[in-house]
Amino acid sequence: MQPSSTGASVATSDALARPTLVPDSPRTDGSLFGDDRHRPGQRSFRRANLALFAAGIATFVLLYSTQGLLPVLSDDLGLTPGQASWTASAATLGLALGLLPASALSDRYGRTAVMTASTLAAAALALALPFAPDLTTLVVLRALQGAALAGLPATAMAYLAEEVHPSALASAMGLYVAGNSIGGMGGRLLSGWVAAGFGWRWGLAASAALALLAVLAFRLLIPAARHFAPAPVDARALARTVGRHLRNPLLLRLYALGLLFMAVFGAVYNTIGYRLIAAPFHLPESVAASIFVVYLVGTATSAAAGRLAGRLGRRGALYVAIGTTALGLLLSLADSLAFALLGLVLITAGFFAGHATASSAVGRTATEGRAQASALYLIAYYLGNSLGGTIGADAFHSIGWPGAATVGLAAMALAAGVTLYATHRAHAGSRRGTLRAAR
């Protein structure tokens, strides 16, 4: 599952603020009151929804295609878990570095143009991956693929906010996020299952084929943009906005939380396959690859995170997420398959709750440049995946599962420290306000 797009907040506010005409009678194109944005019941609305659903599947099938076959890569190429994990980390690192440029390009050249170029380029690189002769070539191709993929998360929600009527925006974005979630899980499962039977090259080929079909569906279905207004790329203004965000202490804490939660996720999911096929579990590789079904827990948890934050406040929800993730890591240390699986469920639930809480707070915290604020969050988020995945895999190679779990627990300890500091600052501010009122 993925967070709000770099352009989602700004684009949504633009859509809500756009004035509409009020004709004497409804227009013949089915729009009401002169507003021709897509609405439920219209063919164009269904096409836009399905197109972005397909694009989400394509993007996240490709982004996580190697994570489900890391043990097979290690066996075939003689790699340590840390070396093999670079095939996953390089893609998320490339994506992180490509987000801000892709967002700027979409403002200049259009949402559909950037999304089309992004997904087609990534699918073309996917077709080359099965022919990579060695690890270095594979890692370079994956980094380029991640950079190419950045155009979709940087642009998709902005397109929906501009082209879909506000009354239907929540459902449209929900379907797009569902495509992300299904793609993320499907990419891991498909490549892992195929690789278990036929080798990692065929696993990557299967992911490429599925992604290419999804890209073609996206291109055939996506309605032309009607409300995009190109804007020049102002590098200086962008740098000033980014600088202001990086000087905002609250935004920096939220970025740190996104990085730390994703570091746990990368460390765990880059190494869980190795653990399950080794002693004491000795699961077949095809069964170990199926563990990514647990990813579905995140769908329910993300939806519940908003209600939890409403009841406990943002920091309360973060404490629950940190505690749940840490408990899952501790349970996973037991040499019991039941406890290991329960631990993985709790880790996944805690991660998605923490990510949903932190990412949603970014848009509310930034008073200007919300697109760039969200982009910076996503950059930190995917950097966390790359760092946690690589460090966790190296720790696993050195001392086994306790090493990967320790990396995750250290990240959660830092996240708890960040949240405790925020709580202290909030209480100190409240006391100062009370003293001023008493005077």
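Every value quoted in this text rests on a predicted model; they were computed, and no experiment measured them.

### Here's the deal with the overall build of the protein chain
- Within the protein chain, the secondary structure is distributed over 16 helices and 0 strands.
- Residue burial in the protein chain is summarised as follows: out of 439 residues, 55% are buried.
- In the protein chain, the share of contacts with a sequence separation of at least 24, taken over all contacts with a separation of at least 6, comes to 81%.
- Of the roughly 17,600 Å² of accessible surface on the protein chain, a fraction of 67% belongs to carbon and sulfur atoms.

### Points about the packing of aromatic side chains
- According to the stated counting rule, one finds 12 aromatic pairs in the structure shown.
- Considering the side-chain rings of Y274 and F396, the 5.9 Å spacing of their centres and the 40° angle between planes classify their relative orientation as tilted. Of the two residues, Y274 is situated in helix α11 (residues 249-277) and F396 in helix α15 (residues 370-399); the sequence distance between them amounts to 122 residues.
- Seen from their ring centres, Y377 and Y381 are 6.1 Å apart, and the 25° between their planes marks the pair as stacked. Residue Y377 and its partner Y381 are both found in helix α15; the two are separated by 4 residues, about one turn of the helix. Like Y381, Y377 is buried.
- Grouping aromatic residues by their ring pairs yields a cluster made of F265, Y269, F292, Y295, F351, F352, Y377, Y381 and Y382.
- Sitting above the plane of the Y109 ring, R108 keeps its charged end 5.1 Å from the centroid.

### Quick look at the pattern of salt bridges
- Here the structure, examined in full by the defined rule, presents 3 salt bridges.
- In this structure, D107 engages R111 in a salt bridge whose closest nitrogen and oxygen atoms are separated by 2.8 Å.
- For E162, the salt bridge is made with R111, and the minimal N-O distance between the two is 2.6 Å. Of the two residues, E162 is situated in helix α7 (residues 156-163) and R111 in helix α5 (residues 111-128); the sequence distance between them amounts to 51 residues.
- For E162, a relative accessible area of 7% translates into the label buried.
- Salt bridges sharing common partners tie together D107, R111 and E162.

### With respect to the packing of helix α4 (residues 81-109) against α15
- Viewed as axis vectors pointing N to C, α4 and α15 meet at an angle of 170°, and their least axial separation amounts to 8 Å. Classed by the angle they form, the pair α4 and α15 counts as roughly antiparallel.
- Its residues assigned to classes, the contact of α4 with α15 shows 15 nonpolar, 9 polar and 1 charged.

### With respect to the environment of A132
- Positionally, A132 belongs in the loop between α5 and α6 (135-149).
- Considering only alpha carbons, one finds A132 and R201, 69 residues apart in sequence, at a separation of 8.7 Å.

### Examining a nonpolar patch on the surface
- A contiguous nonpolar surface patch, about 230 Å² in accessible area, is contributed by F339, L342 and V345.
- Tracing the chain through its elements places L342 in helix α14 (residues 337-365).

### Observations concerning the environment of Y109
- Structurally, Y109 is set in helix α4.
- Residue classification places Y109 among the exposed residues on the basis of a relative accessible area of 54%.
- Note: C-alpha distance between Y109 and P230 (121 residues apart in sequence) is 6.4 Å.

### Some remarks on the side chain of T325
- Structurally, the position occupied by T325 is in helix α13 (residues 297-331).
- When residues no more than four places from it in sequence are discounted, the contact partners of T325 are F261, V264, L346, I347, G350, F351 and M412.

### Section: the side chain of S106
- Within the element layout of this structure, S106 appears in helix α4.
- Its relative accessible area of 1% is what places S106 among the buried residues.
- Ignoring anything within four residues of it in the chain, the contact list for S106 reads R111, V114, T155 and F228.

### Quick notes on α4
- Its 29 residues place the ends of α4 41 Å apart at the C-alpha level, agreeing with the 42 Å of an ideal helix rising 1.5 Å per residue.
- Largest kink in α4: about 45°, centred on L99, with the proline P101 one to four residues after it.

Here is what the cut-offs are and how they apply
Residues numbered from 1 in each chain as written. Predicted model: local features only at pLDDT ≥ 70, side-chain atom pairs only at ≥ 80, totals over all residues. Heavy atoms only, no water. Helix = DSSP H or I, 4+ residues; strand = E, 2+ residues; numbered from the N terminus. Buried < 20%, exposed > 50% of the residue type's maximum accessible area, 1.4 Å probe, protein only. Contact = heavy atoms within 4.5 Å. Areas by Shrake-Rupley, 256 points an atom, 1.4 Å probe, with all protein chains shown as cover. Phe/Tyr/Trp six-rings, centres within 6.5 Å; stacked < 30°, edge-to-face > 60°. Lys NZ or Arg CZ within 6 Å of the ring centre and 35° of its normal. Salt bridge = Lys/Arg side-chain N within 4 Å of Asp/Glu carboxyl O. Axes fitted to C-alpha atoms, helices over the stretch in contact; angles between N-to-C directions. Parallel < 35°, antiparallel > 145°, perpendicular 65-115°, else oblique. Nonpolar A, V, L, I, M, F, W, Y, C, P; charged D, E, K, R; others polar. Patch = residues over 30% accessible without salt bridge, like charges linked within 9 Å, V, L, I, M, F, W, Y side chains within 5 Å. Expected span 1.5 Å × (residues − 1). Bend = angle between axes of the 7 residues up to and from the residue.

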